[in-house]
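Inside the fold
Take a look at the letters that make up each chain.
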Amino acid sequence: MDERGEGSSGTAGPLPPGTRIDGATEAFVAHRGLLFTVAYEMLGSAADAEDVLQETWMRWAGVAFDTVQDQRAYLVRITTRQALSRLRTLRRRKESYVGPWLPEPLLTTPDVAEDIELADSVSMAMLLVLETLTPTERAVFVLREVFDLEYDEIAEAVDKSQAAVRQIAHRARAHVAARRPREVVSPAETREVLEAFQQAVETGDLQSLLDILAPDVVLLGDGGGVVQAVPAPVVGARRVAELAAGLGRFGAAASLRPAQVNGYPALILRLDGEIDTVVAVHVDDGLITGLYAVRNPVKLSRVEQATTLCRYALRCSPTA
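Residues numbered from 1 in each chain as written. Predicted model: local features only at pLDDT ≥ 70, side-chain atom pairs only at ≥ 80, totals over all residues. Heavy atoms only, no water.

1. Points about the overall build of the chain
Regarding its fold elements, the chain presents twelve helices and six strands. By residue count, 53% of the 320 residues in the chain fall in the buried class. Pairs at least 24 residues apart make up 70% of the contacts formed inside the chain by residues separated by at least 6 positions. Accessible area for the chain stands at about 14500 Å²; split by element, carbon and sulfur atoms hold 50% of it. (Helix = DSSP H or I, 4+ residues; strand = E, 2+ residues; numbered from the N terminus. Buried < 20%, exposed > 50% of the residue type's maximum accessible area, 1.4 Å probe, protein only. Contact = heavy atoms within 4.5 Å. Areas by Shrake-Rupley, 256 points an atom, 1.4 Å probe, with all protein chains shown as cover.)

2. Some details on the sheet that holds strand β1 (residues 213-222)
The strand order across the open sheet formed by six strands is β2-β1-β6-β5-β4-β3, and the pairing between neighbours is mixed. Looking at the sheet topology across the chains shown, the edges are occupied by β2 (234-235) and β3 (254-261). As defined by bridge partners, strand β5 (residues 274-284) adjoins strand β6 (residues 287-294) across seven bridges and the pair is classed as antiparallel. Bridge pairing in β6 places Asp 284 opposite Leu 287. Seen against the sheet, helix α10 (residues 187-203) touches β3, β4 (264-271), β5 and β6 and runs at an angle of roughly 25 degrees to β4. In the packing of helix α12 (residues 237-245) onto the sheet, the strands contacted are β1, β2 and β6, and the crossing angle to β1 comes to about 50 degrees. (Pairing = 2+ DSSP bridges. Axes fitted to C-alpha atoms, helices over the stretch in contact; angles between N-to-C directions.)

3. As for the packing of aromatic side chains
What characterises a pair of aromatic rings is the spacing of the ring centres plus the angle enclosed by the ring planes. Counting across every chain of the model gives four aromatic pairs. Ring plane angle 50 degrees and centroid distance 5.9 Å describe the contact between Trp 60 and Tyr 74, whose orientation is recorded as tilted. Taken together, the residues span a long stretch of sequence, with Trp 60 in helix α2 (residues 46-60) and Tyr 74 in helix α3 (residues 71-94) at a distance of 14 residues. Judged on exposure class, the residue Trp 60 and its partner Tyr 74 are both buried. An aromatic cluster of at least three residues, connected via ring pairs, comprises Trp 60, Phe 65 and Tyr 74. Here the guanidinium or amino end of Arg 144 rests over the ring plane of Tyr 151, the centre of that ring lying 4.2 Å away. (Phe/Tyr/Trp six-rings, centres within 6.5 Å; stacked < 30°, edge-to-face > 60°. Lys NZ or Arg CZ within 6 Å of the ring centre and 35° of its normal.)

4. Quick notes on the packing of helix α1 (residues 23-43) against α3
Two elements in contact, α1 and α3, have axes separated by 9 Å at closest approach and are oriented at 30 degrees. With respect to α3, the axis of α1 lies roughly parallel. For α1 against α3, the interelement crossing comes out right-handed. Listed contacts from α3 to Ala 27, Phe 28, His 31, Leu 34, Leu 35, Val 38, Ala 39, Met 42 and Leu 43 of α1 are Gln 71, Arg 72, Leu 75, Val 76, Thr 79, Thr 80, Ala 83, Leu 84, Arg 86, Leu 87, Leu 90 and Lys 94. In terms of residue class, the contact of α1 with α3 is made up of 14 nonpolar, four polar and three charged. (Parallel < 35°, antiparallel > 145°, perpendicular 65-115°, else oblique. Left-handed = near helix turned anticlockwise from the far one by under 90°. Nonpolar A, V, L, I, M, F, W, Y, C, P; charged D, E, K, R; others polar.)

5. Observations concerning α12
Because each turn of an α-helix spans 3.6 residues, side chains separated by three or four positions in sequence point in the same direction. Restricting attention to buried positions, one finds in α12 the residues Ala 237, Val 240, Ala 241, Ala 244 and Ala 245. Within α12, the buried residues cover an arc of 130 degrees as seen down the axis, which keeps them to one side. Where the residues of α12 are buried, they touch α10, α11 (206-212), β1, β2 and β6. (Arc of directions from axis to C-beta.)

It is worth stressing that arrangement in space is one thing and function is another; only the former is reported here.
The structure is reproduced here in C-alpha cells:
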C-alpha cells in the first residue's frame, strides 16, 4: 500500500462548512496536533509545518482508509516523508538567508511546559542543535527520542532498514549529546532569571545584566534581511549586556512582557503595540548562556495565539 498515491484535494486546516466527516477525516483531525508537532520539530518552521500537513492530508485523503491498521503510524509516516522532502529544500534556502537563522517561535499552551521532555525538545536551544543534524538523522532522532516510535516504524518512515535506523539513531544521539545544553532547566528557574533580565533591561542597569549573563553568553538575532538585527553571533557578557541595555532607549513606545514561547518563559517586545521581537533565553547554572532574538516579521505570526503541541494524539486537541 502506497500513501503517495493520487489523492483528492483537501485541507490540513479547519474543514469547510458542510464537509462530510468520515472516518478518514476524523482520524486526521484527531492526530493533527501530533502531526504538526512532528513536522515542526523536524523543520523549525510553523509555516512549513502547516504546508506539510496540507500535503499529508492530500495523500491521506487518497488512501484506502479501511485497509489502514495503525492510523497514527501511517499518518506519521506520511508526515515524516513530506517533512524530509521539505527539510532538504529548506537547507538550500538557509544557505542564502541573511544573517543568523532562528526557528520560528511559537506561543505555547501551559501544558507544553508541564511535559518537560516535550518542552526541552521544542526549545530554541534544542531546535538549533537539531539544525546540525542531517535531514535523516533529524527525522530518526525526533521520531525515536521525542515520540518514542519503534525502530520498524521509523524505518518505514525514512525508507531505511531497521539496522540502518539503529545506527543513525546512535550517531544522532551522540551528536546531540555533545552539543545540547548540559542540563534541562525547569521553566520556573528560567522564569526567575528572565524576570531579573527584564528588570535590568527596563532600567538600563548594565551591572545587573552582567550579573545574570554567563561570561561566554551568545546572542543570536534573526532579522532575515527584512529588519535590522545583529548580523553575526555576539559573544561575551559585556558586549551582550551593552546591546540588551539599549532596548530601554525606546521609552514609553516599548513594552516588554513575559510569555510562554516554545515551552519556556520568554519575552515579547512590542513597539507602539506591534510585536517587534521575541526574546527567548537558555539558562544554565542560574546564568543566561543563550539569547535568541527573533525580529523577522515573517516569523512572528505564531506569537499572537497559542499553538497546541503534543507527543500523543489522545492528549492533544487539534491546533488552531
